[in-house]
Amino acid sequence: MTIALCPGSFDPPTNGHVDVIQRSLAIFDEVVVGVIGNPSKSPMFSAEERVDLLRKVFTGVDRVGVETFDGLLVDFAVGRGIDVIVKGLRGVADFDSELQMAQMNHHLSGIETCFVATNPSHGYISSSLVKEVARLGGNTDRLVPAEVQQALNAKVPR
Ligand code: PNS
C-alpha cells in the first residue's frame, strides 16, 4: 500500500492540480492532498475553504483524502505515513525550485519526490493567474473545476 502526498497552496485548486492528483491516483494506492494552512502570500480562500473545495471536487473518490498542515511538509508527511511526495512540473521555470525542495525534503526525511509532467493543455494555468484573470473580469471557467468557479464568482462578483 503506497500513499502519495500532493502538497500545495491550492488558492484556488485548478484543473492542473486536479490532473496531477488524478494521475497520482493512477500510480499510487492512496493520495493525501496536503493543503498548507498559511501560505506565504495571503490567500484569497481560507484553509477551510480550500480544503472544502478539494473535498467537493473529489467527492466519491475514496482513495483521496484532503487535509491541512502547517510547519514543515516532511513533518506532516512522516506523521501521516507518506511514502512519496508528488509534484507537477509545468516547465523549466518550475524545475529549479522544485528540485531544491525535493532535495531538501529528502535530506530532512528520506522521502522521495516524484514529478509528473503537467498535461500541456494545463501548462499555462497557475492559481495566481486564475485569481488575476478573475479579479480583472476574465473568464476562468475552463481553468478550474465547476465547484471552484462557483466559489470564485462569489469571491469576485462579476
Ligand atoms: O502550491 P505551492 O504554493 O507551490 O506549494 C508550496 C508548498 C506548500 C508545497 C511548499 O511551500 C511547502 O512545502 N511548504 C511547507 C514548508 C516547508 O516544508 N518548507 C521547506 C520545503 S523544502
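Cut-offs used in this document
- Residues numbered from 1 in each chain as written.
- Predicted model: local features only at pLDDT ≥ 70, side-chain atom pairs only at ≥ 80, totals over all residues.
- Heavy atoms only, no water.
- Near = heavy atom within 4 Å.
- Polar contact = N/O pair within 3.5 Å; in protein donor to acceptor, adjacent residues only side chain to side chain.
- Areas by Shrake-Rupley, 256 points an atom, 1.4 Å probe, with all protein chains shown as cover.
- Helix = DSSP H or I, 4+ residues; strand = E, 2+ residues; numbered from the N terminus.
- Nonpolar A, V, L, I, M, F, W, Y, C, P; charged D, E, K, R; others polar.
- Contact = heavy atoms within 4.5 Å.
- Pairing = 2+ DSSP bridges.
- Axes fitted to C-alpha atoms, helices over the stretch in contact; angles between N-to-C directions.
- Core = buried A, V, L, I, M, F, W, Y, C linked by side-chain atoms within 4.5 Å.
- Buried < 20%, exposed > 50% of the residue type's maximum accessible area, 1.4 Å probe, protein only.
- Arc of directions from axis to C-beta.

Undergrad: Help me understand the site of the ligand in this model?
TA: Inspection of the region around the ligand gives Pro7, Gly8, Ser9, Ile36, Phe69, Gly71, Leu72, Leu73, Lys87, Met101, Met104 and Asn105 as its neighbouring residues. Here an oxygen atom of the ligand and a side-chain polar atom of Ser9 are 2.6 Å apart. Burial of the ligand by the protein chains amounts to 67% of its free accessible area of 550 Å². When residues of the shell around the ligand are assigned to their parent elements, the largest contribution, three residues, is made by helix H4 (residues 92-109). The residue inventory of the shell around the ligand, partitioned by class, reads seven nonpolar, four polar and one charged.

Undergrad: Before we go on, may I ask you to explain the side chain of Asp19 in this structure?
TA: Relative to the assigned elements, Asp19 resides in helix H1 (residues 15-27). Setting aside its immediate chain neighbours within four residues, Asp19 contacts Asn119 and His122.

Undergrad: Honestly, the sheet that holds strand S3 (residues 64-69) in this entry has me stumped. Any pointers?
TA: Strand pairs in the sheet, formed through backbone hydrogen bonds, run parallel or antiparallel to each other. Across the sheet, which stays open at both edges, the five strands sit in the order S3-S2-S1-S4-S5 with parallel pairing between neighbours. Among the strands making up the open sheet, the edge pair consists of S3 and strand S5 (112-117). If you compare each strand with its neighbour and ignore which way they point, the axes differ by 30° on average. In this sheet, strand S4 (residues 84-89) lies alongside strand S1 (residues 3-8) in parallel orientation, the contact comprising two bridges. Looking at the pairing, Leu5 lines up with Ile85 of S4.

Undergrad: What's the story with the nonpolar core in this structure? I'm lost.
TA: In summary, soluble globular proteins display a tendency toward joint burial of nonpolar side chains. Counting 32 residues, the largest nonpolar core has Ile21, Val31, Val33, Leu54 and Val64 as its most contacted members. Only S1, H1, strand S2 (30-36), helix H2 (47-57), S3, S4, helix H5 (127-135) and helix H6 (146-155) provide two or more residues apiece to this core. In this structure, Val64 is in contact with Ile21, Leu25, Val31, Val33 and Phe58, ignoring residues within four places of it in sequence.

Undergrad: In this structure, what is going on with H6? I would like to understand it.
TA: An α-helix turns once every 3.6 residues. As a result, residues three or four positions apart point the same way. Looking only at H6, the buried set comprises Val148, Gln149, Ala151 and Leu152. Taken down its axis, H6 places every buried residue within 165° of arc, on the same side. Of the residues in H6, the exposed ones pointing more than 90 degrees away from the buried face are Ala146, Gln150 and Ala154. Along its buried surface, H6 packs onto H2 and H5.

Undergrad: Whenever I open this one, unusual backbone geometry confuses me. Can you help?
TA: Pro12 follows Asp11 through a cis peptide bond whose omega is 0°. Counting through the fold element by element, Pro12 comes out in the loop between S1 and H1. Phi at Phe10 takes a positive value of approximately 55°, unusual for a residue other than glycine. Position of Phe10 relative to the elements: it lies in the loop between S1 and H1. Look at Phe10 and you get buried, because its relative accessible area is 3%.

Distances and angles like these do not, on their own, reveal function.
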